[in-house]
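Now for the letters of each chain:
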Amino acid sequence: MTTNPFGRVITAMVTPMRPDGSIDEAGVRSVVEHLLANGHDGIVVNGTTGEASTLTDDESIDAIRIAKEVSGDRAAITAGIGSNDTAHSVHMAARAAEAGADALLLVSPYYNRPTQAGLLAHCRTVADSTELPIMLYDIPGRTATAFATETLIELASHPRIVAVKDAKADLWASAHVMAATDLLWFSGDDVLTLAHLAQGAVGCVSVVGHVAGKEYAAMIAAMDAGDLAAARAIHERLIPVTDAIMTTSQGAIMAKAALAELGVIESAFVRLPLVESPPEHLEILRKGLAGSGIA
């Protein structure tokens, strides 16, 4: 069985920003402490919800460094280093390791739309360049390029490619890869976390986990104990807040709004082309938090 270097209750954390758009380092520390206090044993920095696509390289590295300083050995820090430029991903993998990252998150290249052969070469090149374990990130709704089942099975033979964050919403494809490999599987889609756990995922990389870390920890513990009914009850209780964060507008926008509502961060500022939640979305969020018993 592959050793899990990522944790099991993981959130792809936001990158807090001040109203002028600069990185709020105190906010980064506050979010990390909040996650650690609420059931997390892993954190992804510079993922989709962290607005990685609008961060500079130096901002990304600073976020990794701060997260690791705060977390210490309390949680694994997985650094998003994906790009549509393989050379840039290799460069960021090296910088992330220097900044203290415990593992790497590698999304399929966006915009370029590589063939599966190109995707194989991209992932192997990055994996060959580092000593850190890698979690592949399959999210074709954002990248336009899905990891084919055969590609994932082939990549599983690389000693440093050990996990998948699955946001493809194809449970049957997931089942095929899990049956054929020992890749560690993580739900990357909050609405499907229970389903992924039921067919063998080891954990989640969540957005809703910003406000429901303890609930996800309890869900995973229930599944480990074979108590599907308890896990399903948690899943059902999280429906209002999951709808509010994941379907109202956009996960990064609503996760920041939720953390601001809870007083974890001072500002819900997001960088263009994202914009902050309007009052009607905040009202949906408040009802979702209350409906799930979170606020």
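Since we're looking at a predicted model, the values are computed, not measured.

Here's the deal with the overall build of the protein
- Secondary structure assignment for the protein yields 13 helices and eight strands.
- Taken over C-alpha atoms, the radius of gyration comes to 18 Å for the protein, in line with the 19 Å a tight globule of 295 residues would show.
- Along the three orthogonal principal directions, the C-alpha set of the protein runs to about 45 × 45 × 35 Å.
- Within the protein, the proportion of its 295 residues that are buried is 56%.
- Nonlocal contacts in the protein, meaning residues at least 24 apart in sequence, comprise 70% of its contacts between residues at least 6 apart.
- One way to put it: in the protein the 20 positive side-chain charges average out to a point 1 Å from where the 35 negative ones average out.

Quick notes on the UniProt feature "binding site: pyruvate" (unreviewed entry) in the protein
- In the UniProt entry, the feature "binding site: pyruvate" (unreviewed entry) is given for Thr49 and Val205. The greatest C-alpha distance among the residues just named is 10.7 Å, despite their covering 157 residues of sequence, which places them together in space.
- Tracing the backbone through its elements, the reader meets Thr49 in the loop between β2 (42–45) and α2 (57–71).
- Judged by its relative accessible area of 6%, Thr49 is buried.
- In this structure Thr49 touches Ala12, Met13, Val14, Thr15, Val207, His210, Gly251, Ala252 and Ala255, once residues within four positions along its chain are discounted.
- Structurally, Val205 is set in strand β8 (residues 203–206).

Quick word on the packing of aromatic side chains
- Within the structure shown, the criterion is met by one aromatic pair.
- Between Phe6 and Phe186 the ring centres are 5.9 Å apart and the planes differ by 80 degrees, which places this aromatic pair in the edge-to-face class. Taken as a pair, Phe6 in the segment before β1 (9–12) and Phe186 in strand β7 (residues 184–187) lie far apart in primary sequence, 180 residues in all.
- Overall, the relative accessible area of 0% leaves Phe6 in the buried class.

With respect to the pattern of salt bridges
- Applying the stated rule across the entire model yields 14 salt bridges.
- Put simply, Arg95 and Asp58 hold a salt bridge, and the shortest N to O gap is 3.0 Å. Of the two residues, Arg95 is situated in helix α3 (residues 86–99) and Asp58 in helix α2; the sequence distance between them amounts to 37 residues.
- Among the residues examined, Arg95 registers a relative accessible area of 24% and is labelled partly exposed.
- The salt bridge involving Arg271 is made with Glu59; its shortest N-O contact spans 2.8 Å. Here the residue Arg271 occupies a position in the loop between α12 (251–261) and α13 (279–291), and Glu59 occupies one in helix α2, the gap between them amounting to 212 residues.

With respect to α3
- With 14 residues, α3 should cover 20 Å at 1.5 Å per step; its first-to-last C-alpha distance of 20 Å lies within 8% of that length.
- Inspection of α3 places Ser89, Met92, Ala93, Ala96 and Ala99 among the buried residues, and these make up the whole buried set. One side of α3 carries all its buried residues, which in axial view fall inside an arc of 125 degrees. The outward face of α3, more than 90 degrees from its buried face, is lined by the exposed residues Ala87 and Glu98.
- The inward-facing, buried residues of α3 contact α2, β3 (76–80), β4 (103–107) and α4 (116–128).
- The N-capping residue of α3, defined by a side-chain oxygen 3.1 Å from the backbone nitrogen of Ala87, is Asp85.
- The positive-phi residue at the C-terminal boundary of α3 is Gly100, with phi of around 110 degrees.

Observations regarding the UniProt feature "active site" (unreviewed entry) in the protein
- Here the UniProt feature "active site" (unreviewed entry) sits at Tyr137 and Lys165. Sequence-wise these annotated residues cover 29 residues; spatially they are packed, their C-alpha atoms never more than 4.7 Å apart.
- For Tyr137, the side chain forms a polar contact with the side chain of Thr48, separated by 3.0 Å.
- Topologically, Lys165 is positioned in strand β6 (residues 161–166).
- Discounting chain neighbours no more than four positions away, the residues touching Lys165 are Ala12, Leu105, Met135, Leu136, Tyr137, Asp138, Phe186, Gly188 and Val205.

What about the environment of Val31?
- If you trace the backbone, Val31 turns up in helix α1 (residues 25–36).
- C-alpha separation for the pair Val31 and Ala67, spaced 36 residues apart in sequence, amounts to 9.0 Å.
- Not counting chain neighbours up to four residues away, the residues in contact with Val31 comprise Met13, Val14, Pro16, His210, Leu259, Val264 and Ile265.

Brief notes about the sheet that holds β3
- The strand order around the closed barrel built from eight strands is β1-β2-β3-β4-β5-β6-β7-β8, with neighbouring strands paired in parallel fashion. Going across the sheet, the axis of each strand differs from the next one's by a mean of 25 degrees, ignoring polarity.
- Across three bridges, the pairing between β3 and β4 is parallel. Paired with Ala79 across the bridge in β4 is Leu104.
- The strands touched by helix α9 (residues 209–224) are β1 and β8; relative to β1, the strand with the most contacts, the crossing angle is about 155 degrees.

Cut-offs used in this document
Residues numbered from 1 in each chain as written. Predicted model: local features only at pLDDT ≥ 70, side-chain atom pairs only at ≥ 80, totals over all residues. Heavy atoms only, no water. Helix = DSSP H or I, 4+ residues; strand = E, 2+ residues; numbered from the N terminus. Rg over C-alpha atoms; globule rule 2.2 N^0.38 Å. Buried < 20%, exposed > 50% of the residue type's maximum accessible area, 1.4 Å probe, protein only. Contact = heavy atoms within 4.5 Å. Lys, Arg positive; Asp, Glu negative; His and termini not counted. Charge placed at Lys NZ, Arg CZ, Asp CG, Glu CD. UniProt positions renumbered as here; feature names shortened; annotations may be inferred. Phe/Tyr/Trp six-rings, centres within 6.5 Å; stacked < 30°, edge-to-face > 60°. Salt bridge = Lys/Arg side-chain N within 4 Å of Asp/Glu carboxyl O. Expected span 1.5 Å × (residues − 1). Arc of directions from axis to C-beta. Polar contact = N/O pair within 3.5 Å; in protein donor to acceptor, adjacent residues only side chain to side chain. Pairing = 2+ DSSP bridges. Axes fitted to C-alpha atoms, helices over the stretch in contact; angles between N-to-C directions.

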